[in-house]
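Examining the three-dimensional arrangement
The primary structure of each chain is shown beneath.
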Amino acid sequence: MLIKKILPKFSRIHFLAVAAAGSMLGSALILSPSEQTAAGRITLNIPLDGQPSSQADSSSPIADLPETTAPTKIKPLVPSAVEQVTETPAPTAAAEPEIAWNEFEVKNGDSLSSLFKRAGASSAELAQMVDDIPGKEWTQIFPGEKLDFAFNSENKLSALRIHRSQLENWLINANADNKFELEKVVLKPDVQTAYAEGVIKSALFIDAKNAGLPDSLIMDLANIFGWDVDFVLDIRSGDSFKLVYEELFLDGKKISNGNILAAEFTNQGETFTAVRYEDQEGKTGYFTPDGKSLKKAFLRTPIDFARISSHFNLQRKHPVLHKFRAHKGTDYAAGRGTPIKASGDGKVIFAGRKGGYGNVVILQHGQSITTLYAHMKGFARGIKNGKRINQGQVIGYVGSSGLATGPHLHYEFRVNGVHKNPVTVKFPHAQPVASNEMSRFKEQAQTALAQMQAYSDSYQVAKRDSLSSDNADL
């Protein structure tokens, strides 16, 4: 499989301004982001310029593009912390008491109480923080996060720093009244666009993974086109894809990939095109160039990258009962414990044991459609009758309960009580771009697609030049 990634183009803002130059401790926090990588906590809405930048590395096929477009710059809302220190020197002040910072990593099973105890802080200090700080969001800690405890010369807790990610740090500090206050420090990364394209030889996930495309982008690409393309059944050798996506940098170092901005997937000769759009209310989605949502009311498959072990068949011989019995659903073979997702928004109308189905969940979608998920190992937390469910939400896990010869999901799709083949049933689209957003959407979509086409054209030129050079060497 051929895949090529072409790096930078558009540079963006370095830092979200930090409004605390008055305290040395606050500045230390701002200039010391944690070691962990952000996972989609901050999303930037980037206007696309329509042409790849001429600032790409000279080894990149994009490097030869004419300098038609300058990088788009976004003016910071306020000066950065570094600029503030440079332009307005801090007044001379009395030396602050010496403090010592001790770092602790959150491990499985840790709580704030156990971390405070490990750090040598008292339960009374934790109780005071809980009382002083409104809300309890800061008390939710996750494995891998790092907490820094600061103690003064009297060995009293004076500050707590929570590293949520490389882009987000929370500082809890004692004020003049000896009450704890919470300050959130969030940095915005530089954003650059990157490009990739490739040809499928066997399977999207395998070929893209072997070629070096990150797992997160492969899954994002599959999720964007997953309503139209079954990436297990529909993929053929020769299918192809191309995409423009974000890469996020902090202090010149890449920290993660961002959103896919525009993409194409060609499957069996039919090309599907997607453009990411954020409306004026901040809602995002992927749409066709004419504004139709790529999202459907239902997912085509409720398990990622699972294979069909038994199709919808009204004349099938049952593998356990050895009798001819209609198979009114589709079986997906997968490893025990594989997550099962709701194929659409709905409500749980049954969750429990049901004869040969074993552990089963039945969802009601609107007035006429129900979906059934059977042979589960167990249910996801909170799944019970009456529970409202969102599309893609995990509702249970693959197992072999009931009449099953091995771990798999039995999935049924019913319209007005009549079973339909889940693989071939036509799904309605989700809501398109609103009419009052259409003009804005089309302008952004045209720019995004023009940019992707410019990248693709330059890639193809570079590819031909490379082949010509190789042939000349022979």
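Residues numbered from 1 in each chain as written. Predicted model: local features only at pLDDT ≥ 70, side-chain atom pairs only at ≥ 80, totals over all residues. Heavy atoms only, no water.

1. Here's the deal with the overall build of the chain
When helices and strands are counted, the chain shows seven helices and 21 strands. A total of 474 residues make up the chain; the buried ones form 43% of that total. Residue pairs in contact within the chain that sit at least 24 positions apart in sequence constitute 66% of those at least 6 positions apart. For the chain, the exposed area adds up to about 24,400 Å²; of that, 50% sits on carbon and sulfur atoms. (Helix = DSSP H or I, 4+ residues; strand = E, 2+ residues; numbered from the N terminus. Buried < 20%, exposed > 50% of the residue type's maximum accessible area, 1.4 Å probe, protein only. Contact = heavy atoms within 4.5 Å. Areas by Shrake-Rupley, 256 points an atom, 1.4 Å probe, with all protein chains shown as cover.)

2. Re the environment of phenylalanine 265
Checked against the element boundaries, phenylalanine 265 lands in strand S9 (residues 253-267). Apart from residues no more than four positions distant in its own chain, phenylalanine 265 is found in contact with Leu204, Phe225, Val229, Phe231, Ile235, Asp239, Ser240, Phe241, Glu270, Thr271 and Phe272.

3. A short note on the side chain of glutamate 437
Mapped onto the elements, glutamate 437 comes out in the loop between strand S21 (418-420) and helix H7 (438-473). For glutamate 437, a relative accessible area of 7% corresponds to the buried category. Among the polar contacts listed, one links the side chain of glutamate 437 to the backbone nitrogen of glutamine 280, at a separation of 3.1 Å. Those residues in contact with glutamate 437 that sit more than four places away from it in its chain are Tyr277, Asp279 and Gln280. (Polar contact = N/O pair within 3.5 Å; in protein donor to acceptor, adjacent residues only side chain to side chain.)

4. Digging into helix H4 (residues 123-132)
What H4 keeps buried is the set Glu125, Leu126 and Met129. Relative to the axis of H4, the buried residues are bounded by an arc of 100° and lie together on one face. Residues of H4 that are exposed and point more than 90 degrees away from the buried face comprise Ser123, Ala124 and Asp131. Where H4 is buried, its residues meet helix H3 (112-119), strand S4 (157-163), strand S5 (168-174) and strand S6 (180-186). (Arc of directions from axis to C-beta.)

5. Focus on the pairing of strand S15 (residues 346-353)
Bridging between S15 and strand S18 (residues 388-389) involves two bridges; their strand directions are antiparallel. Residue pairing in the sheet places lysine 347 in a bridge with arginine 388 of S18. Bridging between S15 and strand S16 (residues 359-365) involves six bridges; their strand directions are antiparallel. Note on S16: the bridge partner recorded for phenylalanine 350 is isoleucine 362. Between the antiparallel neighbours S15 and S16 lie five residues, among them glycine 355 with a positive phi of about 50°. (Pairing = 2+ DSSP bridges.)

6. As for the confidence of the model for the chain
With 75% of its residues at a pLDDT of at least 70, the chain reaches an overall mean of 78. Confidence scores differ between elements of the chain, with helix H1 (residues 24-30) showing the lowest mean pLDDT of 35 and strand S19 (residues 394-398) the highest of 97. (pLDDT = per-residue confidence, 0-100.)

7. Some details on the packing of aromatic side chains
Two descriptors summarise a pair of aromatic rings, namely the distance from one centre to the other and the angle between the planes of the rings. Summed over the entire model, instances satisfying the criterion amount to nine aromatic pairs. Their ring planes at 85° and their centres at 5.3 Å tell us that tyrosine 277 and phenylalanine 441 sit as a pair that is edge-to-face. You can see tyrosine 277 sitting in strand S10 (residues 270-278) and its partner phenylalanine 441 sitting in helix H7, a full 164 residues away along the chain. According to the relative accessible area criterion, tyrosine 277 is buried, its value standing at 3%. (Phe/Tyr/Trp six-rings, centres within 6.5 Å; stacked < 30°, edge-to-face > 60°.)

8. So, the side chain of aspartate 331
By the element assignment, aspartate 331 lies in strand S13 (residues 330-333). Among the polar contacts made by the side chain of aspartate 331, one reaches the side chain of histidine 410 at a distance of 2.8 Å.

9. Quick look at the sheet that holds strand S2 (residues 100-105)
The five strands lie next to each other as S2-S3-S4-S5-S6, forming an open sheet whose pairing is antiparallel. Each end of this open sheet is capped by a strand with a single partner; those strands are S2 and S6. Between one strand axis and the next, the sheet turns through 20° on average, direction left out of account. Pairing geometry for S5 and S6, over seven bridges, is antiparallel. Its bridge partner lying in S6, asparagine 169 is registered against valine 185. Packing of H4 onto the sheet brings it into contact with S4, S5 and S6, and relative to S6 it is tilted by some 75°. (Axes fitted to C-alpha atoms, helices over the stretch in contact; angles between N-to-C directions.)

10. Considerations on the pattern of salt bridges
Taken as a whole and assessed by the stated rule, the structure comprises nine salt bridges. In this structure, arginine 164 engages glutamate 145 in a salt bridge whose closest nitrogen and oxygen atoms are separated by 2.8 Å. One end of the pair, arginine 164, is in the loop between S4 and S5; the other, glutamate 145, is in the loop between H4 and strand S3 (146-151), with 19 residues separating them in the sequence. Given the relative accessible area of 4%, arginine 164 is considered buried. Accessibility expressed as a relative area gives 2% for glutamate 145, which makes it buried. (Salt bridge = Lys/Arg side-chain N within 4 Å of Asp/Glu carboxyl O.)

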